[in-house]
Amino acid sequence: MILSARSRAAAVLAVAALLGPVATQAAAQPAATPVTALAAPDIPVSSVKAHLTQLQSIATANGGNRAHGRPGYLASVNYLRAKLDAAGFTTSLQTFTASGATGYNLIADWPGGDPSQVLMAGAHLDSTTSGPGINDNGTGSAAVLETALAVSRAQLKPEKHLRFGWWGAEELGLLGSRAYVNSLSTAQRATFAGYLNFDMIGSPNPGYFVYDDDPAIEKTFKDYYAGLGVPTEPDRVGDGRSDHASFKNAGIPVGGLFTGAGERKTAAQAQKWGGASGQSFDRCYHSSCDTTANVNDTALDRNSDALAHAVWTLGAPTVR
Ligand code: TRP
Ligand code: CA
Ligand code: ZN
């Protein structure tokens, strides 16, 4: 369970202690100020798109892709790392070897929070060799980056320890995330309250899929979408198809968002979401046309905001 009843009770007791005699004498006053979750900020989709423009430029300058073992991959890592360092994150690069080349995972820790309760959000940063990989997976990478930067802007003091990760070599079979999880001791794995994955969240003919996995994480995303009045579907085809599988295999609760890849949108889905029935969610999946033109801004905006909502809610920062 991701929201511990114990920590909530402790927070309520802390408020009671704070108010002390005032709370007990003032029966006519409204109840003691409840401990409320801070609302997540609206993530500016323009900022997320600005990161996509940079990733596109990196691909263009490096042979048209950002694939594992190619120079566009490390250039992508360096772009993100500089932003995170400047925002006060503690960053590290984890290296691994795959297909005879060095792979890199970028990890960014937000100082503070309970080290025995880690909430992590991540995305794969590599493309295939076929194209720049802007929907797959510039979108997830940029939204996780912008959420991390929003944590810094808010100078958030969450209950949980927040960690963000960008994985290498996902396209070769989830290799970066697997290397990361394999590097954790049993005790370290036990500190994870949850892992949130974002892989393809701005598909041009979007669906709104919520991973059908850990119930508390799934509910957090579904509640957000219910508030927007946008229907979602459980993602049942995603199992094992992205980096959350590496965490799930280690017993860590997982969840995430997805707007669809090469599969076709059904008539019923086009009815509820709009867009083109009988066409792929992303007709440029794993191809050279997966450029900045291959992104639906509304889907990217909603999913970026849903991501921030989940980090703020599941990280359980409180205001008293
Ligand atoms: N992981 C796949 C890729 O990067 C994309 C994908 C397909 C996916 N189905 C999914 C991601 C379901 C998350 C969930 O090419
Ligand atoms: Ca937004
Ligand atoms: Zn992907």
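Keep in mind it's a predicted model, so treat the numbers as computed, not measured. (Residues numbered from 1 in each chain as written. Chains lettered and ligands numbered in written order. Predicted model: local features only at pLDDT ≥ 70, side-chain atom pairs only at ≥ 80, totals over all residues. Heavy atoms only, no water.)

Enquirer: Teacher, can you tell me more about the coordination of the zinc ion (ligand 3) here?
Expert: Octahedral six-donor coordination of a metal ideally yields angles of 90 or 180 degrees, compared with 109.5 degrees for tetrahedral four-donor coordination. Binding of the zinc ion (ligand 3) to the protein goes through His 124 (NE2), Asp 136 (OD), Asp 199 (OD) and Asp 199 (OD), at separations of 1.9 to 2.7 Å. The sequence motif formed by the donor residues of the zinc ion (ligand 3) is H-x11-D-x62-D. On the criterion of sequence distance, the pair formed by His 124 in strand β4 (residues 114-124) and Asp 199 in the loop between β6 (192-198) and β7 (209-211) is long-range, its members being 75 residues apart. Here the two residues His 124 and Asp 199 agree in accessibility, since each one is buried. (Donors = N, O, S within 2.8 Å, 3.2 Å for Na, K, Ca; no water. Helix = DSSP H or I, 4+ residues; strand = E, 2+ residues; numbered from the N terminus. Buried < 20%, exposed > 50% of the residue type's maximum accessible area, 1.4 Å probe, protein only.)

Enquirer: Would you take a moment to explain the sheet that holds β7 for this structure?
Expert: The strands making up a sheet associate through hydrogen bonds between their backbones, and the pairing can be parallel or antiparallel. Ordered in space as β2-β3-β5-β4-β6-β9-β7-β8, the eight strands form an open sheet in which the pairing is mixed. Each of the sheet's edge strands pairs with one partner strand only, and the pair in question is β2 (90-98) and β8 (233-235). With strand direction ignored, the average angle separating the axes of adjacent strands in the sheet is 25 degrees. Looking at chain direction, β7 and strand β9 (residues 254-258) are connected through two bridges and run antiparallel. Paired with Phe 209 across the strands is Phe 258, a residue of β9. Most of the contacts of helix α4 (residues 134-154) go to β4, to which it runs at about 145 degrees, and overall it touches β3 (101-110), β4, β5 (160-167) and β6. (Pairing = 2+ DSSP bridges. Axes fitted to C-alpha atoms, helices over the stretch in contact; angles between N-to-C directions. Contact = heavy atoms within 4.5 Å.)

Enquirer: Help me understand unusual backbone geometry in this model?
Expert: With the exception of glycine, most residues fall at negative phi, and the peptide bonds are largely trans. Across the junction of Asp 136 and Asn 137, the peptide omega takes the value 5 degrees, indicating a cis bond. With respect to the helices and strands, the residue Asn 137 is situated in helix α4. You will see that Ser 99, though not glycine, has its phi angle at about 50 degrees, which is positive. By secondary structure assignment, the location of Ser 99 is in the loop between β2 and β3.

Enquirer: Sorry, what's going on with the coordination of the calcium ion (ligand 2) here?
Expert: For the calcium ion (ligand 2), the full set of protein donor atoms is Asp 42 (OD), Ile 43 (O), Asp 301 (OD), Asp 305 (OD) and Asp 305 (OD), and the range of their distances to it is 2.2 to 2.6 Å. Going along the chain, you hit the donors of the calcium ion (ligand 2) in the pattern D-I-x257-D-x3-D. In this pair, Ile 43 is assigned in the loop between β1 (36-37) and α2 (45-61) and Asp 305 in helix α10 (residues 297-314), connecting sequence segments 262 residues apart. Take Ile 43 and Asp 305: they sit in the same class, and that class is buried.

Enquirer: What's the story with the site of ligand 1 in this structure? I'm lost.
Expert: Looking at ligand 1, there are 14 residues lining it, with Glu 170, Asp 199, Arg 241, Tyr 285 and His 286 nearest. Side-chain polar atom of Glu 170 to a nitrogen atom of ligand 1: 2.8 Å apart, as the coordinates give it. Residue Arg 241 places a main-chain N or O atom 2.5 Å away from a nitrogen atom belonging to ligand 1. When isolated, ligand 1 has an accessible area of 360 Å², and the protein chains bury 98% of it. (Near = heavy atom within 4 Å. Polar contact = N/O pair within 3.5 Å; in protein donor to acceptor, adjacent residues only side chain to side chain. Areas by Shrake-Rupley, 256 points an atom, 1.4 Å probe, with all protein chains shown as cover.)

Enquirer: Is there a simple way to explain the pairing of β6 in this structure?
Expert: Of all seven residues in β6, seven are buried, a share of seventy percent or more. Bridge analysis of β4 against β6 gives five bridges, and the strand direction is parallel. From the neighbouring strand, Leu 119 faces β6, where its bridge partner is Gly 194. Looking at chain direction, β6 and β9 are connected through four bridges and run parallel.

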